[in-house]
Amino acid sequence: MNILYASSEAVPFIASGGLADVAGSLPAAINAEGHDCRVVIPLYSAIKQELRDSLKYVTEFSVDVAWRKQYCGVFEGTANGVTYYLLDNEYYFSRQGLYGFYDDAERFVFFSKAVLEFINYISFKPDVINTNDWQTALVPVYYNIYYKYRPGYEDIKNVFTIHNIQYQGKYGTELIGEIVDIPLYHSNILEYEGCVNFMKGAIECADKITTVSPSYAKEILYSWYGHGLDKILSEKQYKLCGFLNGIDNNIYNPETDKALYANYSVDNKAGKAICKEKLLEDLGLAPGKEPVIGIVTRFVSHKGIDLIKYVFKDIIDLGYKFVILGSGEAIYENFFKEMMYRYPERVSVTIGFEPELARKIYAGADIFLMPSESEPCGLAQMVALRYGTIPIVRETGGLKDSIVDCGGKNGNGFTFKTYNAHDMLGALIRARGYYDKRMLWGKLVSHGMREDFSWNNSAKLYIGLYSNI
Ligand code: GLC
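Keep in mind that this is a model prediction, so the values were computed, not measured.

**Re empty space enclosed by the protein**
This model, assessed by the stated rule, comprises 3 cavities of 30 Å³ or more. In this structure, the largest cavity encloses a volume near 70 Å³. Residue lining of the largest cavity: Ile295, Val296, Thr297, Lys303, Ile305, Ile308, Leu369, Met370, Pro371, Ser372 and Glu375, and that is the complete set. Contributions of two or more residues to the lining of the largest cavity are made by β13 (292–299), α13 (305–310) and β16 (367–370).

This is the structure:
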């Protein structure tokens, strides 16, 4: 099968979140099963020069956006054995950062149209287009309205994957005629509760909707998780399913990871102690054996940071240290900075997006905390396990599907159910007790490091779905 995987970001070219990791690893896993999956993303100016230099120019064409014709250049590169196409337009993508501009709707109207148009210009005809999140959600919409009957476009199936339902691409209805450019008699496809909603359009038009864990596929049918889309998803339940994301075991491998202070494996964990020692030293924290909690996250409310805020002092009183990396809402950044001033020897906070430091934290921490209010999948808990760091998570979405409390059989972490700070604290208290029983803790670490969270299983599920439709 030929699969075109359309995304707004992909490792190794450009990343702002987990979507990039998936677009950088799932296609390779699909290809390993004998298919041809290729990826298409925008050519942002933020992509590192050396990666840009490695790309080859393929062709160019123009895309109609409102009353203008916009240039679209096609560049090609290879990563992980997968072909990546990067679509170029400096007016839209030569910016500081990826999203958050006044004209995001127009930028991704351009990109979605360009994705369909460029199929005409390359020697690759997809059987399936897998789009992801609101940025590419208009592809199945345009396909159904404009491309389905065009020569060369027959019989392409559309799969739409929801990585996070909170970000939907919601705009005023005036956009329909102006920028989005669909006939008014089709406006019902995109209209939802008084707005234009890109994600809703994909939910209407795609042949299948997937999301990134089985639990999240159920949760988003409820209003608490669905951010308004639960009603339409309930109607379209027949085409919705959830597959747990995987991680790339070659990229995340403590035996070979060059970002680490020392390498180690499940059979020889000596390097992990060095990673902890050096991390504490580098970040200016007191040395010592007390357990270190790692947090690598975006500072937004659904990541559960309010719970951490609420019982921060209690956690410190249990003897934990914190190593925190992330950026986001000022209220959380300021809180963490204040905690760093208050407990300079016990708390380190780095504001930013630093993949290398993230890996040092996965390796150097003992515990990885993810108390998310909602978590479609979450990849960090899987990476943490691979690096021998025990996750403490709330039982939601992919966290629930990947982490089992070690109070029962085959546990690999600590979990709590209710979105409540003291329930989280309870899990941290249990983990603290467990940590002191060094033999038990060692076993837990080894068990986690041996688990397989690669794409092996889920890539097969995607392939099964593609061939079914
Ligand atoms: C989004 C979700 C995260 C998921 C990732 C990849 O970032 O918030 O839970 O792991 O997408 O699918």
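We are not done yet, so read on.
**Observations regarding the site of the ligand**
Around the ligand, the neighbouring residues are Gly18, Leu19, Val22, His163, Asn164, Val212, Asn245, Glu375, Pro376, Cys377, Gly378 and Leu379. Within the side chain of Glu375, one N or O atom sits 2.6 Å away from an oxygen atom of the ligand. Against a free-state accessible area of 300 Å², the protein chains account for coverage of 92% of the ligand. Tallied by class, the residues present in the shell around the ligand amount to 6 nonpolar, 5 polar and 1 charged. Split by domain, the shell around the ligand shows at least three residues from each of two domains, domain 1 (2–246 + 456–468) and domain 2 (270–451).

**Structural notes on the environment of Thr173**
Mapped onto the fold, Thr173 is located in the loop between β8 (170–171) and α6 (175–180). Linking Thr173 and Ile469, residues 296 residues apart in sequence, is a C-alpha distance of 32 Å. Every residue in contact with Thr173, bar those within four places of it in the chain, is listed here: Glu191, Gly194, Cys195 and Val196.

**Comments concerning the nonpolar core**
Core analysis: the largest hydrophobic core is formed by 95 residues, its most contacted members being Val40, Leu87, Phe118, Val180, Phe198 and Leu233. The greatest single-element share of this core, amounting to 9 residues, is contributed by helix α4 (residues 104–118). Those residues within four positions of Leu233 in sequence are excluded, and the remaining contacts are Ile165, Ile203, Ile209, Ile220, Leu221 and Leu240. In this structure, Ile315, Ala365, Phe368 and Phe414 belong to the second largest nonpolar core, which totals 73 residues.

**Structural notes on the packing of helix α12 (residues 270–282) against helix α16 (residues 355–364)**
With their axes 8 Å apart at the nearest point, α12 and α16 run at an angle of 120° to one another. One way to sum up the angle between α12 and α16 is to call them oblique. Note on packing geometry: the crossing formed by α12 with α16 is left-handed. Where α12 approaches α16, its residues Lys272, Cys275, Lys276 and Leu279 are matched on the opposing element by Leu357, Lys360, Ile361, Tyr362, Ala363 and Gly364. Residues of the contact of α12 with α16, tallied by class, amount to 6 nonpolar, 1 polar and 3 charged.

**Some remarks on helix α15 (residues 330–342)**
The first and last C-alpha atoms of α15 sit 18 Å apart over 13 residues, in line with the 18 Å expected at 1.5 Å per residue. Of the positions making up α15, those classed as buried are Tyr332, Glu333, Phe335, Phe336 and Met339. Each buried residue of α15 lies within a common arc of 165° when the element is viewed along its axis, so the set occupies one face. Exposed residues lying more than 90 degrees from the buried face of α15 are Ile331 and Tyr341. Packed against the buried residues of α15 are β13, α13, α14 (312–317), β14 (321–328) and β15 (347–351).

**So, the domain arrangement of the protein chain**
According to the domain assignment, the protein chain consists of domain 1 (2–246 + 456–468) and domain 2 (270–451). Taking the mean C-alpha position of each, domain 1 and domain 2 sit 32 Å from one another. Listed as interface residues are 19 residues of domain 1 and, on the opposing side, 16 residues of domain 2. Summed over both sides, the interface of domain 1 with domain 2 buries roughly 1400 Å², with 59% coming from carbon and sulfur. At the junction of domain 1 and domain 2, the tally comes to 0 salt bridges. Counting only elements with at least two residues in the side of domain 1 that touches domain 2, the list comes to α1 (18–31), α9 (214–219) and α10 (223–226).

**A word on the pairing of strand β11 (residues 208–211)**
Taken together, the 4 bridges between strand β7 (residues 157–162) and β11 define a ladder with parallel strand orientation. Residue pairing for β11: Ile162 is matched across the bridge by Thr211. With 3 bridges joining them, β11 and strand β12 (residues 240–242) adopt parallel strand pairing. Residue pairing for β12: Thr211 is matched across the bridge by Gly242.

**Here we look at helix α19 (residues 421–436)**
In a regular helix each residue adds 1.5 Å, so 16 residues correspond to 22 Å; α19 covers 23 Å between its end C-alpha atoms and thus fits that length. Regarding α19, the residues found buried are Ala421, Met424, Leu425, Ala427, Leu428, Ala431, Arg432, Tyr434 and Tyr435. Capping the start of α19, Asn420 holds a side-chain oxygen 2.7 Å from the backbone nitrogen of His422, two or three residues further along.

**Quick word on the pattern of salt bridges**
Within the structure shown, the criterion is met by 20 salt bridges. In this structure, the salt-bridge partner of Asp317 is Lys313, at a minimum N-O distance of 3.0 Å. Remark: Lys313 and Asp317 occur in helix α14; sequence separation between them is 4 residues, near one turn of the helix. Across the salt bridge formed by Glu395 and Lys417, the nearest N and O atoms sit 3.5 Å from each other. Remark: Lys417 occurs in the loop between β18 (414–416) and α19 and Glu395 occurs in the loop between β17 (390–394) and α18 (397–402); sequence separation between them is 22 residues. What makes Glu395 partly exposed here is its relative accessible area of 23%.

**A look at the side chain of Asn197**
For Asn197, the position within the fold is in strand β10 (residues 195–197). When near neighbours in sequence (up to four residues on either side) are disregarded, Asn197 contacts Gln168, Gly169, Lys170, Leu190, Tyr192 and Leu229.

**Side note on the sheet that holds β10**
A sheet is described by the order of its strands in space; here 3 strands give the open sequence β8-β10-β9, paired in antiparallel fashion. Strands with a single pairing partner mark the edges of an open sheet, and in this sheet they are β8 and β9 (191–192). Where β9 lies against β10, 2 bridges are found, and the strand directions are antiparallel. Within β10, the residue paired with Glu191 across the bridge is Val196. Helix-sheet contacts for helix α8 (residues 198–205) involve β8, β9 and β10, and the interaxial angle to β10 is about 55°.

Cut-off values and rules
Residues numbered from 1 in each chain as written. Predicted model: local features only at pLDDT ≥ 70, side-chain atom pairs only at ≥ 80, totals over all residues. Heavy atoms only, no water. 1 Å grid on protein atoms, 1.4 Å probe; cavity = no way out; pocket = protein on both sides within 12 Å on 5 of 7 lines; lining within 4 Å. Points joined across faces, edges and corners; volume = space filled by probe spheres on them. Helix = DSSP H or I, 4+ residues; strand = E, 2+ residues; numbered from the N terminus. Near = heavy atom within 4 Å. Polar contact = N/O pair within 3.5 Å; in protein donor to acceptor, adjacent residues only side chain to side chain. Areas by Shrake-Rupley, 256 points an atom, 1.4 Å probe, with all protein chains shown as cover. Nonpolar A, V, L, I, M, F, W, Y, C, P; charged D, E, K, R; others polar. Domains from an automatic or database assignment. Contact = heavy atoms within 4.5 Å. Core = buried A, V, L, I, M, F, W, Y, C linked by side-chain atoms within 4.5 Å. Buried < 20%, exposed > 50% of the residue type's maximum accessible area, 1.4 Å probe, protein only. Axes fitted to C-alpha atoms, helices over the stretch in contact; angles between N-to-C directions. Parallel < 35°, antiparallel > 145°, perpendicular 65-115°, else oblique. Left-handed = near helix turned anticlockwise from the far one by under 90°. Expected span 1.5 Å × (residues − 1). Arc of directions from axis to C-beta. Buried area = accessible area lost by both parts, 1.4 Å probe. Salt bridge = Lys/Arg side-chain N within 4 Å of Asp/Glu carboxyl O. Pairing = 2+ DSSP bridges.

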